[in-house]
Amino acid sequence: MLKTRIITALILAPIAIGGIFFLPPLGFALFTGAIITIGAWEWANMSGIVAPAARVAYALVVAAVLYGLLNVPAVAVLWLALFWWVLCFVLVRGYPAGSERWGSVPARAIMGLLVLVPAWVGLNHIRTGGFQFGDSTNSLLVILYVFCVVWVADIGAYFSGRAFGKAKLAPRVSPGKSWAGVWGGLVAVAVFAVIISTLASATAAQSGLLVIASLVTGAVSVLGDLLESMLKRFRGIKDSSQLLPGHGGIMDRIDSLTAAIPVFALLITLLGWLTTGQW
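Residues numbered from 1 in each chain as written. Predicted model: local features only at pLDDT ≥ 70, side-chain atom pairs only at ≥ 80, totals over all residues. Heavy atoms only, no water.

Caption draft 1: Seen up close, a nonpolar patch on the surface. A contiguous nonpolar patch, built from L141, L144, W151, I155, Y158 and F159 and spanning about 640 Å² of accessible area, is present on the exposed surface. Secondary-structure assignment places W151 in helix α7 (residues 139-164). (Patch = residues over 30% accessible without salt bridge, like charges linked within 9 Å, V, L, I, M, F, W, Y side chains within 5 Å. Areas by Shrake-Rupley, 256 points an atom, 1.4 Å probe, with all protein chains shown as cover. Salt bridge = Lys/Arg side-chain N within 4 Å of Asp/Glu carboxyl O. Helix = DSSP H or I, 4+ residues; strand = E, 2+ residues; numbered from the N terminus.)

This is the structure we're talking about:
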């Protein structure tokens, strides 16, 4: 299994790097849109849509929604995402109570739209926007930064959870996660934000605000993971699909990012570091 995971990662890494960091804005939108569309095909299964044609139809509907949002103000969608993830905290915290309200196939399908669409909008808002933080003006570095926040939070949570993880975070959703893991991950994120602020020659005020924005983003990324775990547990499946040998599906790789990206994009827009760009 480890060998399979490594081979898959070695194949996918250059594709992901090339698609995210070396394509023009429209190419970036198409590339990320394709990933989101595949994620939608997987989400259809988590929603309880099992017929192959129906799963494809759901994915095409999501792709059509992305196309329809090309010229819609991103900030409105990002605000919707923020409210959605606050609601997700309530849903995850209460599980399995309340599942009768969201457990129907249509409700879970709508949840997929609220997860996937804002992630794409946030990514492209960052990619096309004007960015200024310290002496950094490269919006592609912002995308890399969000990815790193999620990875750092995950790594910090892994080690602190193994060392101190007795109190479980959400045992009915994801038994392996602990509160110690969450706090350890957030400490790692805060340290990472300070390092990046220093490298970007940011002011003390900017550094403090980046730490706060990064902590919020790191915390929300945990929700992204937990929400998918909750949906899979409710559906009775282990992985979102088997598209990536050794890794599960696309959603299993981007669940935390779907929450982190729109929230961070909104926060840095409100802070004035990111302005709306043009295609």
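Caption draft 2: Here's a closer look at the packing of aromatic side chains. This model, assessed by the stated rule, comprises 10 aromatic pairs. A centroid spacing of 5.0 Å and a plane angle of 50° characterise the contact between W102 and F234, whose relative ring orientation is tilted. Here W102 is found in helix α5 (residues 99-102), whereas its partner F234 is found in helix α9 (residues 204-235), with 132 residues between them in sequence. Assessed through its relative accessible area of 5%, W102 is described here as buried. The interplanar angle of 65° and the centroid separation of 4.7 Å between the aromatic rings of F133 and W273 together place this pair among those described as edge-to-face. Of this pair, F133 sits in the loop between β1 (130-131) and α7 while W273 sits in the loop between α10 (250-270) and β4 (274-275), placing them 140 residues apart in sequence. The burial state of F133 is the same as that of W273; both residues are buried. Here a set of aromatic residues connected by ring pairs shows up, and it is made of Y95, W102 and F234. (Phe/Tyr/Trp six-rings, centres within 6.5 Å; stacked < 30°, edge-to-face > 60°. Buried < 20%, exposed > 50% of the residue type's maximum accessible area, 1.4 Å probe, protein only.)

Caption draft 3: Seen up close, the UniProt feature "transmembrane region" (unreviewed entry) in the protein chain. Residues annotated in UniProt with the feature "transmembrane region" (unreviewed entry) correspond here to residues 6-36, 48-70, 76-95, 107-126, 138-159, 180-202, 208-227 and 257-276. In this annotation, residues 76-95 is assigned 95% helix and 0% strand; the end-to-end C-alpha distance for the span is 29 Å. (UniProt positions renumbered as here; feature names shortened; annotations may be inferred.)

Caption draft 4: Geometry of α7. In a regular helix each residue adds 1.5 Å, so 26 residues correspond to 38 Å; α7 covers 37 Å between its end C-alpha atoms and thus fits that length. The N-capping residue of α7, defined by a side-chain oxygen 2.9 Å from the backbone nitrogen of L140, is N138. (Expected span 1.5 Å × (residues − 1). Polar contact = N/O pair within 3.5 Å; in protein donor to acceptor, adjacent residues only side chain to side chain.)

Caption draft 5: Here's a closer look at the pattern of salt bridges. Counted according to the given criterion, the structure contains 5 salt bridges. Across the pair D225 and K177 runs a salt bridge whose closest N-O atoms are separated by 3.1 Å. In this pair, D225 is assigned in helix α9 and K177 in strand β3 (residues 174-178), connecting sequence segments 48 residues apart. Here D252 makes a salt bridge to K232, at a shortest N to O gap of 2.8 Å. Separated by 20 residues along the polypeptide, D252 in helix α10 and K232 in helix α9 bring together distant segments of the chain. Each of the two residues, D252 as well as K232, counts as buried. When salt bridges that share partners are traced, they join E228, K232 and D252 into one network.

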